[in-house]
Amino acid sequence: MNRKVTDADLEQTINKYSDTLYKICFLILKDENDIKDVLQETFIKYMTKAPDFKSEEHKKAWLIKVSQNKCREFLRFHKRHAAVPLDEVEESISVTDGMDTSSIELLSQIWNLKYKLKSVVILYYIEGYNIKEISQILNISESAVKKRLERARKELRMLTSVEGELVYERT
């Protein structure tokens, strides 16, 4: 059964999760205005659906899934979406703060992955979810998550000409 979302709950949820959702959406959409729209729609859905969550992690996973679905909707409508080059925006956002040049280059390559690959890379390497959690968030099998990670690693190795496994420190 759904509950009523109070103003205080909505404000707390926005304050707690907006940075995380922003970073995920930024990596997918690369457009400030679209990101703001997705975040707004995500929190509106949270407010209107007002689902009951088993835990804070369940709530976070739900918000991530909703925001990724909204991002996918935006990408469908903007198939020829103009990307903003990373070097033009890295100073204005905190996504690249503290990153070395190779990490920024890797982030740039992640941007160029297909949505299915990008979504698992973001959740695994950047958000620190394990394979089982990602499968639950994206509603796909664990083997599909593993296969997408494998394909993403392979594609990133080809793009960056780096041998070995993808190395990205989990936050």
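Residues numbered from 1 in each chain as written. Predicted model: local features only at pLDDT ≥ 70, side-chain atom pairs only at ≥ 80, totals over all residues. Heavy atoms only, no water.

1. Describing the pattern of salt bridges
All chains considered together, the criterion is met by six salt bridges. Across the pair Lys-60 and Glu-127 runs a salt bridge, and its minimum N-O distance is 3.9 Å. Taken as a pair, Lys-60 in helix α3 (residues 56-77) and Glu-127 in the loop between α6 (115-126) and α7 (131-138) lie far apart in primary sequence, 67 residues in all. You can call Glu-127 buried: its relative accessible area is 17%. (Salt bridge = Lys/Arg side-chain N within 4 Å of Asp/Glu carboxyl O. Helix = DSSP H or I, 4+ residues; strand = E, 2+ residues; numbered from the N terminus. Buried < 20%, exposed > 50% of the residue type's maximum accessible area, 1.4 Å probe, protein only.)

2. A few points about α6
The first and last C-alpha atoms of α6 sit 15 Å apart over 12 residues, in line with the 16 Å expected at 1.5 Å per residue. For α6, the buried fraction is high: 11 of the 12 residues fall into the buried class. Gly-128 occupies a position one or two residues after α6 and carries a positive phi of about 80°. (Expected span 1.5 Å × (residues − 1).)

3. Re α3
Helix length check: α3 (22 residues) gives 32 Å between terminal C-alpha atoms against 32 Å at 1.5 Å per residue, within 8%. Those residues of α3 that sit buried are Lys-59, Lys-60, Ala-61, Trp-62, Leu-63, Ile-64, Val-66, Ser-67, Gln-68, Lys-70, Cys-71 and Phe-74. Residues of α3 that are buried sit in contact with α1 (7-29), α2 (32-49), α6 and α7. For α3, the N-terminal cap is Ser-55; the gap from its side-chain oxygen to the backbone nitrogen of Glu-57 is 3.4 Å. (Contact = heavy atoms within 4.5 Å. Polar contact = N/O pair within 3.5 Å; in protein donor to acceptor, adjacent residues only side chain to side chain.)

4. Comments concerning the packing of α2 against α3
It is the contact of α2 with α3, at a shortest axis distance of 9 Å, that shows an interaxial angle of 130°. Between α2 and α3, the crossing angle belongs to the class labelled oblique. Of the two elements, α2 crosses α3, and the hand of that crossing is right-handed. Together, Asp-34, Asp-37, Val-38, Glu-41, Thr-42, Phe-43, Lys-45, Tyr-46 and Lys-49 of α2 and Lys-59, Trp-62, Leu-63, Val-66, Ser-67, Lys-70, Cys-71 and Phe-74 of α3 make up the contact between the two elements. In the contact of α2 with α3, the residues fall into eight nonpolar, two polar and seven charged. (Axes fitted to C-alpha atoms, helices over the stretch in contact; angles between N-to-C directions. Parallel < 35°, antiparallel > 145°, perpendicular 65-115°, else oblique. Left-handed = near helix turned anticlockwise from the far one by under 90°. Nonpolar A, V, L, I, M, F, W, Y, C, P; charged D, E, K, R; others polar.)

5. Comments concerning the nonpolar core
Ranked by internal contacts, the top residues of the largest apolar core, which has 47 residues, are Ile-134 and Leu-149. Of all the elements in the fold, those that place two or more residues in this core are α1, α2, α3, α5 (101-111), α6, α7 and α8 (142-160). At 10 residues, the largest contribution of residues to this core is made by α1. Here Leu-149 is in contact with Val-120, Val-121, Tyr-124, Tyr-125 and Ile-131, once residues within four sequence places are set aside. (Core = buried A, V, L, I, M, F, W, Y, C linked by side-chain atoms within 4.5 Å.)

6. Side note on the state of the cysteines
Taken as a whole and judged by the stated rule, the model has zero disulfides. Looking at Cys-25, it has no disulfide partner, and the nearest cysteine sulfur is the one in Cys-71, 3.5 Å off. Cys-25 gets classed as buried once you look at its relative accessible area, which sits at 0%. (Disulfide = S-S within 2.5 Å.)

7. As for the packing of aromatic side chains
Taken as a whole and judged by the stated rule, the model has five aromatic pairs. Seen in terms of ring centroids, Tyr-22 and Phe-26 are 6.3 Å apart; in terms of plane orientation they differ by 15°. Their pairing is stacked. Of the two residues, Tyr-22 and Phe-26 both sit in helix α1, four residues apart, roughly one turn of that helix. For the pair shown, Tyr-22 and Phe-26 are each scored as buried. On the numbers, 4.8 Å between centres and 85° between planes, the contact of Tyr-124 with Tyr-125 is edge-to-face. The buried category is assigned to Tyr-124, whose relative accessible area is 18%. For Tyr-125, a relative accessible area of 7% puts it in the buried group. Each residue in the set Tyr-46, Phe-53 and Trp-62 is aromatic and connected to the rest through ring pairs, giving one cluster. (Phe/Tyr/Trp six-rings, centres within 6.5 Å; stacked < 30°, edge-to-face > 60°.)

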